[in-house]
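# Overview (structure and organization)
Listed below are the residues making up each chain.
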Amino acid sequence: MTVDNTILGRCPNCDEPIAEAEMVIDYKSQRGNRVTAATCPSCVTVVTVV
């Protein structure tokens, strides 16, 4: 098993980098914007990645 350490973005609450392995959902909104939600390793909560 390989671990993907690609960074998706940062937590909007604590600015911690969030790895792709933490991704919960990734979709395109009706307006065409990409929305990615992931679990922040520091906050231990699901956030929208910025």
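Note that the coordinates shown come from a computational prediction; the quantities given were computed from them, not determined experimentally. (Residues numbered from 1 in each chain as written. Predicted model: local features only at pLDDT ≥ 70, side-chain atom pairs only at ≥ 80, totals over all residues. Heavy atoms only, no water.)

### What about the confidence of the model for the chain?
- Within the chain, residue pLDDT values average 91, and 92% of them lie at 70 or more.
- Put simply, strand S1 (residues 7–10) is where the chain has its lowest mean pLDDT, 94, and strand S5 (residues 46–48) is where it has its highest, 96. (pLDDT = per-residue confidence, 0-100. Helix = DSSP H or I, 4+ residues; strand = E, 2+ residues; numbered from the N terminus.)

### Some words on the nonpolar core
- Membership of the largest hydrophobic core is limited to six residues, which are Cys 11, Ile 18, Ala 38, Cys 40, Val 47 and Val 49.
- Those residues in contact with Val 49, other than ones at most four positions away along the chain, are Leu 8, Gly 9, Arg 10, Ile 18, Thr 36 and Ala 38. (Core = buried A, V, L, I, M, F, W, Y, C linked by side-chain atoms within 4.5 Å. Buried < 20%, exposed > 50% of the residue type's maximum accessible area, 1.4 Å probe, protein only. Contact = heavy atoms within 4.5 Å.)

### Considerations on the side chain of Thr 36
- Topologically, Thr 36 is positioned in strand S4 (residues 34–39).
- Owing to a relative accessible area of 9%, Thr 36 belongs among the buried residues under this scheme.
- A polar contact of 2.6 Å, which involves the side chain of Thr 36, links it to the side chain of Asp 26.
- Ignoring any residue separated from it by four or fewer positions in sequence, one finds Thr 36 in contact with Leu 8, Met 23, Ile 25, Asp 26, Val 47, Thr 48 and Val 49. (Polar contact = N/O pair within 3.5 Å; in protein donor to acceptor, adjacent residues only side chain to side chain.)

### A word on the pairing of S1
- Pairing analysis gives three bridges linking S1 to strand S2 (residues 17–19), with the strands arranged antiparallel. Looking across to S2, one finds that Ile 7 is bridged to Ala 19.
- With antiparallel pairing between neighbouring strands as the criterion, S1 and S2 make up a hairpin whose turn holds six residues, including Asp 15 at a positive phi of roughly 70 degrees. (Pairing = 2+ DSSP bridges.)

### Quick word on the sheet that holds S5
- Taken in spatial order, the three strands of this open sheet run S3-S4-S5, and their pairing is antiparallel. Of all the strands in the sheet, just strand S3 (23–28) and S5 have a single pairing partner and so form its edges. This sheet shows a mean twist of 15 degrees between the axes of neighbouring strands, independent of strand direction.
- Two strands pair when backbone bridges link them, and S3 and S4 are joined in this way by five bridges, in the antiparallel orientation. Its bridge partner lying in S4, Ile 25 is registered against Ala 37. (Axes fitted to C-alpha atoms, helices over the stretch in contact; angles between N-to-C directions.)

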